[in-house]
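Reading the structure
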Amino acid sequence: MGCKGCLETVMVTEEVIQQLVKEADEDFSKIVSDEIYQARLKECESCSSLVYGTTCVYSGCIVRYRAKFKNKCCPNTEKPKWEKVV
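Calculation criteria
Residues numbered from 1 in each chain as written. Predicted model: local features only at pLDDT ≥ 70, side-chain atom pairs only at ≥ 80, totals over all residues. Heavy atoms only, no water. Core = buried A, V, L, I, M, F, W, Y, C linked by side-chain atoms within 4.5 Å. Buried < 20%, exposed > 50% of the residue type's maximum accessible area, 1.4 Å probe, protein only. Helix = DSSP H or I, 4+ residues; strand = E, 2+ residues; numbered from the N terminus. Contact = heavy atoms within 4.5 Å. Expected span 1.5 Å × (residues − 1). Arc of directions from axis to C-beta. Phe/Tyr/Trp six-rings, centres within 6.5 Å; stacked < 30°, edge-to-face > 60°. Lys NZ or Arg CZ within 6 Å of the ring centre and 35° of its normal. Polar contact = N/O pair within 3.5 Å; in protein donor to acceptor, adjacent residues only side chain to side chain.

**Concerning the nonpolar core**
One finds Y37, V63, A67 and W82 to be the most contacted residues of the largest nonpolar core, which totals 13 residues. Elements that contribute at least two residues to this core include exactly α1 (14-24) and α2 (34-45). Per-element accounting of this core gives the leading share, 3 residues, to α2. When neighbours within four sequence positions are excluded, Y37 is seen to be in contact with V21, V32, R64, A67 and K68.

Encoded structure:
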């Protein structure tokens, strides 16, 4: 199964990912702690739905970006690997 919103030729560079993550870090009220972030990334990295090492098949999101936010959860509707932080 391919990425929900991408073609194999659409790849995000490491520089773009780093910039997105840096921008997310600017508003501490919206992001999770480093501990939660690392736990989320660990779940994503072990998931068979991670493609290109960056992207979730279920949402088309860059996991290193999505995992930063309190209001986001794992997009796998059948068996989410992590939940929102309230």
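**Describing the environment of R66**
The residue R66 is located in helix α3 (residues 63-66) in this model. In sequence terms R66 and L41 are 25 residues apart; their C-alpha atoms lie 9.7 Å from each other. When residues no more than four places from it in sequence are discounted, the contact partners of R66 are R40, S59, C61, K72, C73, P75 and W82.

**A few points about unusual backbone geometry**
For Y52, which is not glycine, the phi dihedral falls at a positive 60°. Examined against the element boundaries, Y52 turns out to sit in the loop between β1 (50-51) and β2 (55-56). The exposure class of Y52 is partly exposed, given its relative accessible area of 30%.

**Focus on α2**
Its 12 residues give α2 an end-to-end C-alpha distance of 16 Å, which sits within 8% of 16 Å, the value for a rise of 1.5 Å per residue. Among the residues of α2, those classed as buried are Y37, R40, L41 and C44. The buried residues of α2 occupy an angular sector of 100° when the element is viewed end-on, so they sit on one face. α2 presents E35 and K42 as exposed residues on the side facing more than 90 degrees away from its buried surface. Against the buried residues of α2 lie α1, β1 and α3.

**A few points about the packing of aromatic side chains**
Here the structure, examined in full by the defined rule, presents 1 aromatic pair. Between Y65 and F69 the ring centres are 5.0 Å apart and the planes differ by 70°, which places this aromatic pair in the edge-to-face class. For Y65, a relative accessible area of 32% puts it in the partly exposed group. With a relative accessible area of 14%, F69 lands in the buried category. Note that K68 overlies the ring of Y37, its terminal NZ or CZ placed 4.2 Å from the centroid.

**Some remarks on the side chain of N76**
With respect to the secondary-structure elements, N76 resides in the segment after α3. Taking the relative accessible area as the measure of exposure, N76 reaches 10% and is therefore buried. One polar contact links the side chain of N76 to the main-chain amide nitrogen of E78, over a distance of 2.9 Å. For N76, the side chain forms a polar contact with the main-chain nitrogen of K79, separated by 3.0 Å.

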